[in-house]
Amino acid sequence: MPVDTKAATDRLMRFLTVEGVTGQEAAIGRELTAALKESGVPAKAIRLDDANTRIPVPTETGNLIVDLPGRGALHNQPRIMFMTHMDTVPLCAGAKPKLSGRKIVNDAKTALGGDNRCGCGVLVTLAAELEKQKLDHPPITLLFCVREESGLYGARHVKLDELGKPVMAFNYDGGSASNVVIGAVGADRWTVEIFGRASHAGVAPERGISSTMIMALALADVKAGGWFGKVVKGKKQGTSNVGPVTGGEGRPAGDATNVVTDYVHVRGESRSHDGKFFKEITKAYKAAFEKAAKKVTNAQGKSGKVKFKAETDYYPFRMKENLPVVKRAIEAVSAVGGTANVRAANGGLDANWMVRHGVPTVTFGAGQNEAHTVDEWINLDEYDRACALAVQLATMR
């Protein structure tokens, strides 16, 4: 089934020009709604849910949901869903997309936003082609999630009843349209507050308790124990990272260098395909910070304290290759001339939460390259294949 690739590229360029960093998706939501209506989707089929009222961080709008009734010989088949996310990382603010041969590049020193305007382009193109070609298809739900980039919040807080109870789903988020992603890691995000004691660093350093030194000892301990970066313990594998380290704004020590640091805030993450192992990694960090706090004392024998908090961002999953959703995905990739690369991802996906909601979900790429960097670019050949693949998946008998 041919797809109007020029129209698909025009849509993608249009969406790339609309800013919509994570948590601020209202503008791109309006643009997607307008494009869907222009493609023949009636206004009554398009709505926003109230997931943003349940997301624990400020979020402008809910998930965008579109209901496409079945048509023709497939109209009474079980509902399927296509999904993507409509937010970008903050580095994409100010992007200036430019066509360069079979690529879309960026004229600004920012990330481009192909992650995930590519997915948005695929889903709107699917709706447009189904209407334009009057193709037979089962009932379809299109889901455009918010806040994927900052914690998969949109997919986590969507209500299954809002989606029409689809039996399977296809998620677009990545590079190659031939990648059939059937699993992904789980992850904890953790924070630790380190409380020391301020003192003049030149006059009476011995009276202070350095939060900075507590952090240094803890991280050195974590590194020595093999818990930082790539983590391998026997047959168990995972990863961890220490993210931003900040001071306490307005606290007594502030940003002064002549005061023993009384407060440090650290953020990090632990990941693994093993649902228990990423929690073991998190526990290793917690133990290291608690141990370090006891080691750093002042002249009066008082030690520092830590407050460690961890939250599971998403759970790992791995679907069996004989599931109908995986078989359909592999067959569709072959039908559009590709060779299916069945694999698992080392990053979190909206599919993590959709599978946990009970909807088996396969993820495909849509042409993204070097996502989350200023070198990001889009492969239009892969984007075109992703659009053709969506139409194939929607119309298979």
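Up top is the structure.
Residues numbered from 1 in each chain as written. Predicted model: local features only at pLDDT ≥ 70, side-chain atom pairs only at ≥ 80, totals over all residues. Heavy atoms only, no water.

Take N179: it is sitting in strand β8 (residues 179-184). One polar contact links N179 to N341, side chain to side chain, over a distance of 2.8 Å. Excluding its chain neighbours within four sequence positions, the residues that come into contact with N179 are N341, R343, T363, F364 and G365. (Helix = DSSP H or I, 4+ residues; strand = E, 2+ residues; numbered from the N terminus. Polar contact = N/O pair within 3.5 Å; in protein donor to acceptor, adjacent residues only side chain to side chain. Contact = heavy atoms within 4.5 Å.)

Bringing the nonpolar core into the picture now. Of all hydrophobic cores here, the largest spans 69 residues; its most connected members are F82, L142, F144 and Y172. The contact partners of F144, leaving out residues within four places of it in the chain, are L32, L36, N63, L64, V66, T84, M86, C120, L123 and V124. (Core = buried A, V, L, I, M, F, W, Y, C linked by side-chain atoms within 4.5 Å. Buried < 20%, exposed > 50% of the residue type's maximum accessible area, 1.4 Å probe, protein only.)

Let us now look at the sheet that holds strand β9 (residues 186-195). On the basis of which strands lie adjacent, the open sheet formed by five strands has the order β10-β11-β12-β9-β13 and antiparallel pairing. In this open sheet, the two strands that pair with only one neighbour each are β10 (229-233) and β13 (305-314). Shown here is a sheet whose adjacent strand axes are inclined to one another by a mean of 25 degrees, direction ignored. Where β9 and strand β12 (residues 263-272) come together, 10 bridges link them in antiparallel fashion. When the bridges of β12 are listed, W190 appears paired with G268. In the packing of helix α5 (residues 211-224) onto the sheet, the strands contacted are β9, β11 (236-246), β12 and β13, and the crossing angle to β12 comes to about 20 degrees. (Pairing = 2+ DSSP bridges. Axes fitted to C-alpha atoms, helices over the stretch in contact; angles between N-to-C directions.)

Let us look at helix α3 (residues 114-133). The end-to-end C-alpha distance of α3, which contains 20 residues, comes to 27 Å, matching closely the 28 Å that a straight helix rising 1.5 Å per residue would cover. Across the 20 residues of α3, 17 count as buried, placing the element largely inside the fold. Looking one or two residues past α3, K134 carries a phi angle of roughly 50 degrees, positive in sign. (Expected span 1.5 Å × (residues − 1).)

Note the cis peptide between D115 and N116, where omega equals 15 degrees. Mapped onto the secondary structure, N116 falls in helix α3. Phi at K134 is positive, roughly 50 degrees, even though this residue is not glycine. Tracing the backbone shows K134 in the loop between α3 and β6 (140-145). In this model, L152 sits at a positive phi of 55 degrees, which is unusual for a non-glycine residue.

Attention shifts here to the pairing of strand β4 (residues 97-100). Sheet analysis places β4 next to strand β5 (residues 103-106), joined by four bridges and oriented antiparallel. Residue L99 lies in a different strand from β5, and its bridge partner there is I104. Connecting the antiparallel pair β4 and β5 is a turn made up of two residues, with G101 showing a positive phi of about 65 degrees.

Let's shift gears to the pairing of strand β7 (residues 168-172). Burial analysis of β7 places five of its five residues in the buried class, the great majority of the element. Residues M168, F170 and Y172 of β7 are buried on one face, and the alternating residues A169 and N171, pointing to the opposite face, are buried as well. Relative to β7, strand β3 (residues 80-85) runs parallel, the two sharing four bridges. Among the inter-strand pairings, M83 is bridged to a residue of β7, identified as N171. In this structure, β7 lies alongside strand β16 (residues 361-364), joined through four bridges in parallel fashion. Bridge pairing in β16 links F170 to V362.

Let's shift gears to the pattern of salt bridges. Between side chains of opposite charge, a pair can form when the charged atoms approach closely. Enumeration over the complete set of coordinates arrives at 22 salt bridges. One salt bridge in this structure joins D67 and R47, with 2.4 Å as the shortest N-O distance. Here D67, found in strand β2 (residues 64-68), pairs with R47, found in strand β1 (residues 46-48); they are 20 residues apart in sequence, far enough to count as distant. Since its relative accessible area comes to 25%, D67 is described here as partly exposed. Accessibility expressed as a relative area gives 28% for R47, which makes it partly exposed. Of the charged contacts in the structure, one is a salt bridge between E280 and K236, with a shortest N-O distance of 2.9 Å. Taken together, the positions of E280 in helix α6 (residues 277-295) and K236 in strand β11 put the pair 44 residues apart, joining distant regions of the chain. (Salt bridge = Lys/Arg side-chain N within 4 Å of Asp/Glu carboxyl O.)

So far we have only geometry, and geometry alone does not tell us how the molecule works.
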